[in-house]
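Tertiary structure, described
Okay, here's what each chain looks like letter by letter:
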Amino acid sequence: MKMLSTLQTPRSTLSRFSLPSTFTSHSHSPTLPQPSLTTPTSPPQSQILSIRHSLLTRNLSAVDLARSYLTRLRLTEPHLRSFLHLPDDQTILSRAHEIDRRIAAGEDPGPLAGVLVAVKDNICTADMPSTGGSRILEGYRPPFDATAVKRVKELGGIVVGKTNMDEFGMGSTTEASAFQVTANPWDVSRVPGGSSGGSAAAVSARQCVVSLGSDTGGSVRQPASFCGVVGLKPTYGRVSRFGLMAYASSLDAIGCFGSSVADTGILLHAIAGHDRFDATSSKQEVPNFLSHFDLVSSLESKPLKGLRVGLIRETIEDGVDAGVVSAIRAAASHFEELGCSVNEVSLPSFSLGLPAYYILALSESSSNLSRYDGIRYGNQVYADELDSLYGDSRSKGLGSEVKMRILMGTYALSAGYYDAYYKRAQQVRTIIKNSFKEALDQNDILISPAAPSAAYKIGEKKKDPLAMYAGDIMTVNVNLAGLPALVLPCGFIESGPAGLPVGLQLIGAAFDEGELLRVGHIFEQTLENGRFVPPIVADSVE
Amino acid sequence: MSYTSFRTFQLHSFLLKRRNGFFYSTTTKATTQSQTQTKLSASTQSKKLDKIPKDYEPVIGIETHVQLSTLTKAFCNCPYNYGSFPNTSICPVCMGLPGALPVLNSKVIEFAVKLGLALNCKLAFNSKFDRKQYFYPDLPKGYQISQFDVPIADSGYLDVDIPLEFGGGHKRFGITRVHMEEDAGKLLHTETGNYSQVDLNRAGVPLLEIVSEPDMRNGIEAAEYAAELQRLVRYLGVSNGNMQEGSLRCDVNVSVRPIGQSKFGTKVEIKNLNSFASMSRAIDFEISRQVLLHSQGQEDQIVQETRLWEEGTQRTITMRKKEGLADYRYFPEPDLPSVILCQEYVDGIQNSLPELPEEKRRRYEKMGLGMQDVLFLANDKNIAEFFDATLAKGADAKLVANWIMSDIAAFMKNEKLTINDIKLTPEELSELIASIKGGIISGKIGKEILFELLAKGGSVKEIIEKKDLVQIADPVEIEKMVDKVIAENPKQVEQFRGGKTKLQGFFAGQVMKVSKGKANPGLLNKILLEKLNSKS
Ligand SMILES: [Zn+2]
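Owing to the predicted nature of the structure, the values given are computational and were not obtained by experimental measurement.

What counts, and where the lines are drawn
- Numbering of residues starts from 1 in each chain and follows the order in which that chain's sequence is written.
- Whichever chain is written first becomes A and whichever ligand is written first becomes 1, with later ones labelled in order.
- It should be noted that, the model being predicted, local features are given only for residues of pLDDT at least 70 and side-chain atom pairs only at 80 or more, the latter also being counted only at that level, while totals for whole chains, interfaces and linings use all residues.
- Here the side-chain values reflect all heavy atoms present in the structure, with hydrogen atoms and water set aside.
- Where helices and strands are cited, they refer to DSSP runs of H or I of at least four residues and of E of at least two residues respectively, numbered from the N terminus.
- Note on contacts: a residue pair is in contact if any heavy atoms of the two residues lie within 4.5 Å.
- Only N, O and S atoms count as donors, using a 2.8 Å limit from the metal and a wider 3.2 Å limit for Na, K and Ca, and since water is excluded some coordination spheres may look unfilled.
- Key to geometry: four donors with every angle between 85 and 135 degrees are tetrahedral; four donors are square planar and six octahedral where opposite donors lie over 155 degrees apart and all remaining angles lie between 65 and 115; all other sites are irregular.
- Burial classification: accessible surface area is computed with a 1.4 Å probe over protein chains only, and a residue below 20% of its type maximum counts as buried, one above 50% as exposed, and the rest as partly exposed.
- Two strands qualify as a pair provided that DSSP identifies no fewer than 2 bridges between them.
- To estimate the expected span of a helix, count its residues, drop one, and scale the result by 1.5 Å.
- Note on ring pairs: Phe, Tyr and Trp rings are taken, using the six-membered ring of Trp, and paired if centres are within 6.5 Å. Classes follow the plane angle, with under 30 degrees stacked, over 60 edge-to-face and the rest tilted.
- Any Lys NZ or Arg CZ found within 6 Å of a ring centre and within 35 degrees of that ring's normal is scored as a charge over the ring.
- Think of a nonpolar core as a cluster: buried Ala, Val, Leu, Ile, Met, Phe, Trp, Tyr and Cys residues, connected wherever their side-chain atoms sit within 4.5 Å.
- The angle between two axes is taken between their N-to-C directions and runs from 0 to 180 degrees, where each axis is a line fitted to C-alpha atoms and a helix contributes only its stretch in contact.
- Here's the idea: put two parts together, see how much 1.4 Å probe accessible area each one loses, and the total over both is what we call buried area.
- When a carboxyl oxygen of Asp or Glu lies within 4 Å of a side-chain nitrogen of Lys or Arg, that pair is called a salt bridge.
- Definition of a polar contact: a pair of N or O atoms within 3.5 Å, with one able to donate and the other able to accept a hydrogen when the atoms are protein atoms, and with sequence-neighbouring residues admitted only if both atoms are side-chain atoms.
- In the scheme used here, Gly and all other residues not listed as nonpolar or charged are polar, with Ala, Val, Leu, Ile, Met, Phe, Trp, Tyr, Cys and Pro taken as nonpolar and Asp, Glu, Lys and Arg as charged.
- UniProt positions are given in the numbering used here, feature names are shortened, and annotations may be inferred rather than shown by experiment.
- A residue's pLDDT is the predictor's confidence in that residue, given on a scale from 0 to 100.

Residue and element names in this part refer to chain B. Mapped onto the elements of the fold, G169 is located in the loop between β6 (153-161) and β7 (170-182). In the structure, G169 is positioned 202 residues away from M371 in sequence and 9.8 Å away in space, judged by C-alpha atoms. Leave out the neighbours within four places in its chain, and G169 touches V160, D161 and I162.

Written out as structure tokens, the structure reads:
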């Protein structure tokens, strides 16, 4: 397509980085992570590295691998409804076949070769519909790939489908999708969280290897917590937003889901870096996040000795589920066992984050969603008058949550209210940034729950938007401060058929994803019963 | 770009109801209703036009949009060429597709700084972009990227010389602000009026909006301000300033107040001004319309509205009344980083500025040229360049000015050519003037050579040589010719010597004819008189 060639220049793909076939070993000869050697209770392994190893040693073909994922996907999808769009199997298999052909020809198929990647539906894909979960974009096919998708494809990744989400990212349950409700793989009567619920559920149920989501106020981290997977929200500007349908431009970040910390790190590395099509994307160098990873076998008894961990006091106070608090306290103890010093820190501005976030996010969204007017693309309701064309197209095309947020944002930006709302919220944002900076001067990382509760029932908070908004308290401050945060499962609460996972949030300094991943990896590898596979797929996952 | 690239892009046609006349763009015709309404009052007004009562003071301010001549649009890589086939110069960014982001073309900043400096403005070293929000089909994102509370330049002025025929004099008009923004697309209305189509070629083209202080008092001043602005952007090379193509668009605010009143009267905005002449006439019409209402005690009928200048009927008509103040819900554009200028960058631009029209006029004035010449030479960048290049070859300013103002200007006018089209070069004009001054050719021959140079080009020396046009300045040779003429006209010699001295001209003409126009006239006359008066 000619339009694309003027927009996106070809970039060299394979030379950008090389993956280790395994992690650094200090003393022992490396033991290669192979799925067949793991047991249900052993710590999670990097699926991406394992796939790469299997493909390069010809133990497995990309086609066989894709088939096994597709089989599980077809089996689980009717119960979960994670995907809004799935291409036919043949499309996926032909991509896998191409990778096998390249391996056979002795070519490097790329660090993500054969890796099935699910993509949230608000991230543009040229060969698949991209609706953002909205009726107004039903059937819309973008003429270009988002930069993140483009990079995944260039590195050998196979896009397996587009995942369900709350319309334009506005929601915390994925119930606000215009098309379907996604179920939590741990308990199908519960929500997977949101707005990236489809991407989280798909990784949790091993319908794909890794997935892309977006995080404006917690939309990667909260569903990661609900679904028991690893979710990474990078520093603002670390990943290009080009091709991500904007919700709140100053907060939006494309993030990664994986079943291990290493996988989210590898995926982040693939998509991170400056992009000349996003003026807010950072020129900061992208380090090889995995280069400091250690093999479990080579870990010392106190591998995180000297690390200063700050537990944010305001996140374990009243209003937070007791089961969640005890899981987080247990995680804190685990950090201490690993050699960290754990201290409670107070972020007095923490509670201001929620109102400030909602004012800023909704103000920006009221503007960002103006383009969905039915004139150039998307669903149009034909009318005799221009005003009716706008009104009818938008009132039929947009869902009630989206309309409510547009109205609130429009109100906050209106003449006479701007100073009281938008401007004050910006001032609060500055205060929050500063208080995080202070806390991160005294601590290497901060920890907190990723959500005040585990996954709740479908429909439970639908009638009470304020309760749902309050659930974002753990995550929104991080977006306001633009910091990176990693969520990984750290325990369970007793509920549902098999217990519900609880996510631990690690917050780091700007552009310090490498440290978060290193610490998260050690935490995950040393956690007892640290493997989170939902019962729905336990049989099919070794 | 072929349409196949847009398999996902639907160019919907949509209906625009003619409600409140809101959707009339500058290309649509006025409603018949408004035409009949204004007809009666127009005839009474025209009588009063020339005698605007002295007890009212008109106040005029101008908002000008200048389209920048950057290679690509403000926030994407699309080129812009006026008149291209609709929707052939568009991309996901300027179409406002989901997920597309703006990236600033740095030339826009450079041009804004250039114009800001040229308008003697204060530059904002830390400015930003804002979103101005409203819905309209030619605005793909539902907001325009513009600058709100921190324009890149503000508090400047523009100096203008009012032409002599309009009273002359030097005026300084204040510049409130200069800010960067993007243009919208265009609506194409069908003949039937059933639906309209959107052309997004122009969407995202960079603009500078220049807002003046309300410092003008009549149509001429306003038109001269706008004309000076046009010269400025052309001198700076930031825009072609073409009004017909919409590269320079002026919206004029006009109000009238009784002399002595400090409060401004209700202002009316006039649109559809496609030339400086129409701007001047539209303002004067509007002033007299408002003054008439004031003088009849009906000033309450002057309402805040946008009026359209109708070229055909030479009057302004109501386009739309303002229903309260529009709330554009400005807020900082989060997709673009703030615009930070550093002193080095600004200094670099300052040092690269060309001589501006005002500086040029003052320089020409100091050379001793009259204001008429100054304005003629300085007002057209190309003529000024020609003039300066001729001076650079050592020619005398006044002589060059005379040649350009008279014969060269007349030739350009007759042949409908610009100074860039003529074959004469500044070097040759300088040579020509030098040849006359040095006595090599006569002024008369000089003119002949000039017209040949204008039409065909070539060099003065060549033409003189080829046509043997060198002036005869040898007294012996001229004497021979004089002798010949005197010998051939004994009767006239007798009459001359009998007191009819007017015949000198006849003899001079005859001698010149014999010399084929080449005789030095001074020498010729001197020798002729000597011969005629000596009764040998
Ligand atoms: Zn474009």
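A few words now on the coordination of the zinc ion. Tetrahedral coordination by four donors places them ideally at 109.5 degrees to one another around the metal; octahedral coordination by six donors ideally gives 90 or 180 degrees. Residue and element names in this part refer to chain B. Every protein donor of the zinc ion is accounted for by C76 (SG), C78 (SG), C91 (SG) and C94 (SG), and the metal-donor separations fall at 2.3 to 2.4 Å. Taken together, the 4 donor atoms coordinating the zinc ion and their angles of 99 to 113 degrees define a geometry best described as tetrahedral. For the zinc ion, all donor residues lie on one chain, and their spacing in sequence is C-x1-C-x12-C-x2-C. A residue pair is termed long-range when its members are at least 10 positions apart, and C78 in the loop between β1 (56-67) and α2 (106-118) and C94 in the loop between β1 and α2 qualify at 16 residues. By the burial criterion, C78 is buried, and C94 matches it.

Residues and elements named next belong to chain B. Within the open sheet, the 3 strands sit side by side as β5-β4-β15. Their pairing is antiparallel. Each edge of the open sheet is held by one strand with a lone partner, namely β5 (143-146) and β15 (331-332). Note: strand β4 (residues 130-133) against β5, 4 bridges, orientation antiparallel. Residue pairing for β5: Q133 is matched across the bridge by Y143.

A few words now on helix α10 (residues 426-437) of chain B. Residue and element names in this part refer to chain B. The terminal C-alpha atoms of α10, which comprises 12 residues, lie 16 Å apart, in line with the 16 Å expected from a rise of 1.5 Å per residue. Check the buried side of α10 and you find it contacts α8 (381-392), α9 (397-415), α11 (443-456) and α12 (460-466). Following α10 by one or two positions, G439 has its phi on the positive side, about 80 degrees.

This paragraph deals with the packing of aromatic side chains. Taken as a whole and judged by the stated rule, the model has 26 aromatic pairs over all chains. A connected cluster of aromatic rings, assembled from ring pairs, spans Y140, F168, Y372 and Y377 of chain A. The ring centre of Y69 of chain A lies 4.9 Å from the NZ or CZ of R72 of chain A, which sits over that ring. Across the ring face of Y328 of chain B, the terminal group of K132 of chain B is positioned such that the distance to the ring centre comes to 4.3 Å.

Okay, the nonpolar core next. By size, the foremost hydrophobic cluster in this structure holds 179 residues, and its most contacted members are L212, F335, L504 and L506 of chain A. Look past the residues within four positions of L504 of chain A in its chain and what remains in contact with it is I328, A331, F335, I447, S448, L486, V487, L488, C490 and F523 of chain A. By size, the runner-up hydrophobic cluster in this structure holds 65 residues, among which are I152, A153, A226 and M243 of chain B.

A word on the sheet that holds strand β11 (residues 500-507) of chain A. Residues and elements named next belong to chain A. The sheet built from 11 strands is open, its strands ordered β1-β3-β2-β4-β6-β5-β10-β11-β9-β7-β8 with mixed pairing. In this open sheet, the two edge strands, each paired with only one partner strand, are β1 (83-85) and β8 (341-345). If you compare each strand with its neighbour and ignore which way they point, the axes differ by 35 degrees on average. Here 3 bridges tie strand β2 (residues 116-120) to strand β4 (residues 210-215), and the two strands are oriented parallel to one another. The residue of β4 that forms the bridge with V119 is L212. In the packing of helix α6 (residues 197-204) onto the sheet, the strands contacted are β1, β2, β3 (158-163), β4 and β6 (253-258), and the crossing angle to β4 comes to about 155 degrees.

All names here are of chain B. Here 8 bridges tie β6 to β7, and the two strands are oriented antiparallel to one another. Across the sheet, residue V160 finds its bridge partner in β7, namely K171. One ladder, built from 7 bridges, connects β7 with strand β10 (residues 206-212); its direction is antiparallel. Its bridge partner lying in β10, I175 is registered against S212.

The next thing to look at is the interface of chain A and chain B. With 55 residues of chain A at the interface, the matching set in chain B holds 49 residues. Of the roughly 4300 Å² buried between chain A and chain B on both sides combined, carbon and sulfur atoms contribute 59%. There are 1 salt bridge connecting chain A and chain B. Note that R241 of chain A and D335 of chain B form a salt bridge whose closest N and O atoms lie 3.0 Å from each other. Across the chain A-chain B interface, the total number found is 15 residue pairs in polar contact (both at pLDDT 80 or more). Of all the secondary-structure elements, those providing two or more residues to the side of chain A that touches chain B are α1 (2-7), α10 (353-368), α11 (386-397) and α12 (400-413) of chain A. Here the side of chain A that touches chain B is composed, by residue class, of 28 nonpolar, 15 polar and 12 charged.

To continue, consider the UniProt feature "active site" (unreviewed entry) in chain A. Residue and element names in this part refer to chain A. According to UniProt, the positions carrying the feature "active site" (unreviewed entry) are K120, S195 and S219. Look at the named residues: they lie 100 residues apart in sequence, but the longest C-alpha span between them is just 10.9 Å, so in the fold they bunch up. Counting through the fold element by element, K120 comes out in strand β2. Note on K120: relative accessible area 0%, which makes it buried.

Time to look at the confidence of the model for chain B. All names here are of chain B. Summarising the model, chain B shows a mean pLDDT of 87, and 89% of its residues fall at 70 or more. Across residues 1-50 the pLDDT falls below 50, and counting only partners more than four positions away or on other chains, this stretch makes 101 contacts in the model. Prediction confidence for the complex, expressed as pTM and ipTM, is 0.87 and 0.92 respectively.

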